[in-house]
Amino acid sequence: MHAARPIIIAGAGIGGLTLAIALARRGILSIVIERAPKLEEIGAGLQLSPNASRILDRLGLGPEIDDAGIQPDSIRLMDGRNGQPIARLGLGFATETRWGAPYRLIHRAKLQSILARAVVDAGLSIRLGTELTHFVETPDGVAVHLKSRIANESMVGSALVGADGVRSIIRSHLGGGPLAFSGQIAWRATLPHGARRETAVWLGPGAHLVSYPLDRSGQLNLVAVTKGTPREGWAEPGDPSELLGMFADWAEPVQTILRAAPGWTTWPLYDSSSPPEWGEGHITLLGDAAHPVLPHLAQGAALAIEDAAVLAARLAETPDDIAGSFRAYEAERTPRAMAIQAAARRNGEIFRLGGIAAKARNTALRLMGEERFRARFDWVYGYRAA
Ligand SMILES: Cc1cc2nc3c(=O)[nH]c(=O)nc-3n(C[C@H](O)[C@H](O)[C@H](O)COP(=O)(O)OP(=O)(O)OC[C@H]3O[C@@H](n4cnc5c(N)ncnc54)[C@H](O)[C@@H]3O)c2cc1C
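Residues numbered from 1 in each chain as written. Predicted model: local features only at pLDDT ≥ 70, side-chain atom pairs only at ≥ 80, totals over all residues. Heavy atoms only, no water.

Peer 1: Would you mind going over the overall build of the protein chain with me for this structure?
Peer 2: Scanning the protein chain from N- to C-terminus turns up twelve helices and 19 strands. For 386 residues, the compact-globule estimate of 2.2 N^0.38 gives 21 Å, and the C-alpha radius of gyration of the protein chain, at 21 Å, lies within 12% of that figure. Principal-axis analysis of the C-alpha atoms places the extent of the protein chain at approximately 65 × 45 × 40 Å. Put simply, the protein chain has 386 residues, and 55% of those count as buried. Approximately 15700 Å² of the protein chain is accessible, and the part contributed by carbon and sulfur atoms is 55%. (Helix = DSSP H or I, 4+ residues; strand = E, 2+ residues; numbered from the N terminus. Rg over C-alpha atoms; globule rule 2.2 N^0.38 Å. Buried < 20%, exposed > 50% of the residue type's maximum accessible area, 1.4 Å probe, protein only. Areas by Shrake-Rupley, 256 points an atom, 1.4 Å probe, with all protein chains shown as cover.)

Peer 1: When you look at the sheet that holds strand β8 (residues 130–138) in this model, what are you seeing that I'm missing?
Peer 2: What holds strands together in a sheet is hydrogen bonding between their backbones, with the strands either parallel or antiparallel. Read across the sheet, three strands follow the order β8-β9-β10 without closing on themselves; strand pairing throughout is antiparallel. Taken across any chain shown, the strands that pair with only one partner, and hence form the sheet edges, are β8 and β10 (152–157). Neighbour-to-neighbour, the strand axes of the sheet open up by a mean angle of 25 degrees, direction not taken into account. Looking at chain direction, β8 and strand β9 (residues 141–148) are connected through eight bridges and run antiparallel. Looking at the pairing, T138 lines up with G141 of β9. (Pairing = 2+ DSSP bridges. Axes fitted to C-alpha atoms, helices over the stretch in contact; angles between N-to-C directions.)

Peer 1: What's the story with the environment of R58 in this structure? I'm lost.
Peer 2: Among the structural elements, R58 can be located in helix α2 (residues 50–58). Contact partners of R58, with chain neighbours within four places excluded, come to A309, A385 and A386. (Contact = heavy atoms within 4.5 Å.)

Peer 1: What exactly am I supposed to notice about the site of the ligand here?
Peer 2: Near the ligand, the surroundings consist of 30 residues, among which G15, E34, Q47, R108 and D288 are the closest. Q47 places a main-chain nitrogen or oxygen 2.9 Å from an oxygen atom of the ligand. Here the ligand, which alone exposes 1000 Å², has 89% of that area covered by the protein. At the level of secondary structure, the elements contributing two or more residues to the shell around the ligand comprise α1 (14–25), β3 (45–48), β8, β12 (180–191) and α9 (300–317). (Near = heavy atom within 4 Å. Polar contact = N/O pair within 3.5 Å; in protein donor to acceptor, adjacent residues only side chain to side chain.)

Peer 1: Quick question: what am I supposed to make of the environment of A224 here?
Peer 2: Relative to the helices and strands, A224 is located in strand β15 (residues 220–227). When residues no more than four places from it in sequence are discounted, the contact partners of A224 are I185, A186, W187, H208, L209, L243 and F247.

Peer 1: Which parts of the structure should I look at to understand the packing of α1 against helix α5 (residues 108–121)?
Peer 2: What describes two packed helices is the angle between their axes and the distance between those same axes. The interhelical angle for the contact between α1 and α5, taken along N-to-C directions, is 30 degrees, at an axis separation of 9 Å. Judged by the inter-axis angle, α1 sits roughly parallel to α5. In the packing of α1 onto α5, the handedness of the crossing is left-handed. Two secondary-structure elements touch here, α1 through I14, L17, T18, A20 and I21 and α5 through R108, L111, Q112, L115, A116, A118 and V119. Counted by class, the contact of α1 with α5 contains nine nonpolar, two polar and one charged residues. (Parallel < 35°, antiparallel > 145°, perpendicular 65-115°, else oblique. Left-handed = near helix turned anticlockwise from the far one by under 90°. Nonpolar A, V, L, I, M, F, W, Y, C, P; charged D, E, K, R; others polar.)

Peer 1: Would you mind going over the sheet that holds strand β11 (residues 159–162) with me for this structure?
Peer 2: The mixed open sheet is built from six strands, whose spatial order is β7-β2-β1-β11-β19-β18. The open sheet terminates on both sides in strands that have one partner only, identified here as β7 (126–127) and β18 (279–280). Relative to β7, strand β2 (residues 30–33) is paired through two bridges, and the arrangement is parallel. Looking across to β7, one finds that I33 is bridged to R127.

Peer 1: Where do I start with the side chain of Q341 in this structure?
Peer 2: Mapped onto the elements, Q341 comes out in helix α10 (residues 322–351). Here the side chain of Q341 touches P292 through a polar contact of 2.9 Å, landing on its backbone oxygen. Leave out the neighbours within four places in its chain, and Q341 touches S272, H291, P292 and V293.

Peer 1: What should I look at first to understand the side chain of T133 in this one?
Peer 2: Along the chain, T133 turns up in strand β8. According to the relative accessible area criterion, T133 is buried, its value standing at 17%. Within the local environment of T133, its side chain forms a polar contact with the side chain of H134, the two groups lying 3.3 Å apart. Ignoring sequence-local partners within four residues, the contact set of T133 consists of H145, K147, I169 and H173.

Peer 1: How do you make sense of the pattern of salt bridges when you look at a structure like this?
Peer 2: Pairs can form between side chains of opposite charge once their charged atoms are near each other. For the coordinates displayed, the defined rule picks out 23 salt bridges. Two residues, E252 and R259, come together in a salt bridge whose shortest N-O distance is 3.0 Å. Under the relative-accessibility criterion, E252 is labelled partly exposed at 48%. For R314, the salt bridge goes to E317, with nearest N and O atoms at 2.8 Å. Of this pair, R314 and E317 both sit in helix α9, three residues apart, which is roughly one turn of the helix. (Salt bridge = Lys/Arg side-chain N within 4 Å of Asp/Glu carboxyl O.)

Peer 1: What's the story with the pairing of β2 in this structure? I'm lost.
Peer 2: Within a regular strand, side chains alternate between the sheet's two faces. Residues of β2 alternate between two faces, with S30 and V32 on one and I31 and I33 on the opposite face, all of them buried. As defined by bridge partners, strand β1 (residues 7–10) adjoins β2 across four bridges and the pair is classed as parallel. By the bridge assignment, I9 is partnered in β2 with V32. Handedness of the β-α-β unit built from β1, α1 and β2 comes out right-handed. (Right-handed = clockwise from strand over helix to strand, strands pointing away.)

Peer 1: Quick question: what am I supposed to make of the packing of α2 against α9 here?
Peer 2: The contact between α2 and α9 brings their axes to 9 Å, and the two run at 45 degrees. Comparing their axes, α9 and α2 come out oblique. Classified by chirality, the crossing of α9 by α2 is left-handed. On the side of α2, the interface is formed by N51, A52, I55, L56 and R58, while α9 contributes A302, I305, E306 and A309. Split by residue class, the contact of α2 with α9 holds six nonpolar, one polar and two charged.

See below:
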């Protein structure tokens, strides 16, 4: 690999930053280009399942993440209409022994700043307020065009990784498959306190609600998923009366939480059913840019973190054949990403069942028992990337 030429990573989201750290740990130089002028609060909470935690632990970030977030005791499925429990998955010690790493909950902005600090501590730079607008392959790498408030400039690198999220321009330049609006909107809000140390998922016809603490102060993260029409932007303000109307006949605890939360924002949810073109030559994609996934299995950031670990490992194995290592990475990650995309889609359908189908679901889950319920997550949480 050309020592003086970094790998250019477009996007300082969870995926791009994790990649820069994973590459640095293997002695591979990169630079991160980020369109946003600062890394600020986007989203709110993230659940980090053991498959993601294991990688972050290996990068040495576990203690800092534990300080900033919280490890829940359990995940509980509740019937949103009658308020009755359906199933419980104990976490904590059981998680570490079975899947080798903890389940964690954290504010996305806190995780992003922990990752950004680790990138800078590794001697790398993050160019904020800089948008990657074009790129071309050169005989031995890539040339990219960057636009910022100060200037337009070109930069050459040994390779380009598009970690630029669900509306990736690198994906669209590569001719990646179309994004499809899923017909669903996520409504997000936080409450300053009141959280139990658990993830609760309230299921009901046509909608569901997920709540979990973000830290030890008890700040509560809320994600309500409903039907909706496509919207242009992310994090647009949502009308609370519209949301409350959709949950009008749900159990009292659900309505109490929804009424108490201020400042709802709405997020259109996208899906992609066909495998996109992941890359060509010295260019590849990572995270949501490669495989947008519905949030119903809480695996989008986890997939991006897994991608980063696998990509760094493949590059370290064959540093003189970047294109070859990119194709090996894409081949390894495509089936995993597609399986998670499909499982997330299916989970959403199961969450939102109504009538007799919902009763059958609840009975099946109650009869299953905790141990068999836990085993259903082995392929997701037990996955060992690289
Ligand atoms: C409601 C909801 C709940 C979720 N909950 C979870 C959860 O609990 N657990 C989980 O694992 N996942 C969850 N996810 C998914 C997770 O948030 C995403 O999958 C994850 O953040 C994707 O990371 P990324 O790095 O691929 O992309 P992003 O985080 O989107 O980062 C992309 C970055 O690229 C930058 N960028 C874009 N274009 C350019 C450009 N041209 N030049 C330079 N920079 C550019 C953007 O500004 C951005 O900073 C959830 C998603 C939603 C919507």
